[in-house]
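The primary structure of each chain is shown beneath.
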Amino acid sequence: MAVDNPADVRRQRGEMVEGWAFTFCKAAFLALLFQKYTLLATAAIATALYLYAAASGVREWRCFVKPPWVVIAMAAIAAFQVYWLFFRG
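Residues numbered from 1 in each chain as written. Predicted model: local features only at pLDDT ≥ 70, side-chain atom pairs only at ≥ 80, totals over all residues. Heavy atoms only, no water.

In this section: the overall build of the protein. Along the protein, the regular secondary structure elements total 3 helices and 0 strands. Radius of gyration (C-alpha) of the protein: 18 Å, far over the 12 Å computed for a compact globule of 89 residues. Its C-alpha atoms give the protein principal-axis dimensions of roughly 65 × 30 × 20 Å. In the protein, which comprises 89 residues, the proportion classed as buried is 15%. In the protein, 51% of the contacts between residues at least 6 apart in sequence involve partners at least 24 apart. (Helix = DSSP H or I, 4+ residues; strand = E, 2+ residues; numbered from the N terminus. Rg over C-alpha atoms; globule rule 2.2 N^0.38 Å. Buried < 20%, exposed > 50% of the residue type's maximum accessible area, 1.4 Å probe, protein only. Contact = heavy atoms within 4.5 Å.)

To continue, consider helix α1 (residues 6-34). Between the first and last C-alpha of α1 there are 42 Å, a value that for 29 residues agrees with the 42 Å anticipated at 1.5 Å per step. The N-cap of α1, judged by a side-chain oxygen 3.0 Å from the amide nitrogen of Ala-7 a few residues on, is Asn-5. Looking one or two residues past α1, Gln-35 carries a phi angle of roughly 50 degrees, positive in sign. (Expected span 1.5 Å × (residues − 1). Polar contact = N/O pair within 3.5 Å; in protein donor to acceptor, adjacent residues only side chain to side chain.)

Another aspect to go through is the packing of α1 against helix α2 (residues 38-55). For any two helices packed against each other, the geometry comes down to the angle between their axes and how far apart the axes lie. Remark: α1 packs on α2, axes separated minimally by 8 Å, with the N-to-C direction vectors making an angle of 115 degrees. In this structure, α1 crosses over α2, and the sense of that crossing is right-handed. Here α1 contributes Leu-30, Ala-31 and Phe-34 to the contact with α2, which in turn contributes Thr-38, Ala-41, Thr-42 and Ile-45. The class makeup of the residues in the contact of α1 with α2 is 5 nonpolar, 2 polar and no charged. (Axes fitted to C-alpha atoms, helices over the stretch in contact; angles between N-to-C directions. Left-handed = near helix turned anticlockwise from the far one by under 90°. Nonpolar A, V, L, I, M, F, W, Y, C, P; charged D, E, K, R; others polar.)

In this structure, Ala-53, Trp-61, Cys-63, Val-70 and Val-71 together form the largest nonpolar core, which totals 5 residues. Ignoring anything within four residues of it in the chain, the contact list for Cys-63 reads Tyr-50 and Val-70. (Core = buried A, V, L, I, M, F, W, Y, C linked by side-chain atoms within 4.5 Å.)

A word on the pattern of salt bridges. Within the structure shown, the criterion is met by 1 salt bridge. A salt bridge links Glu-15 to Arg-11; the shortest N-O distance between them is 3.2 Å. With Glu-15 and Arg-11 both in helix α1, this residue pair falls 4 residues apart, about one helical turn. (Salt bridge = Lys/Arg side-chain N within 4 Å of Asp/Glu carboxyl O.)

This is the structure we're talking about:
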């Protein structure tokens, strides 16, 4: 049985953490762009893009919430944000 090179294992772990960092970097950039509308904008865009992907035949999604629940969840979040930001008395 081959033993992994410790430097390779360390690099793989670093690449995994960098992937998480990149995800938060994207989130921070979107928050900078959309400010108080970040949740509304990202949920609405995600809903639209997931619907387009599904209509294009994509059936495997990387989101931890699997289809169709991811579309339902993102649409519900967007709808709640519309209410919260624009119609709450």
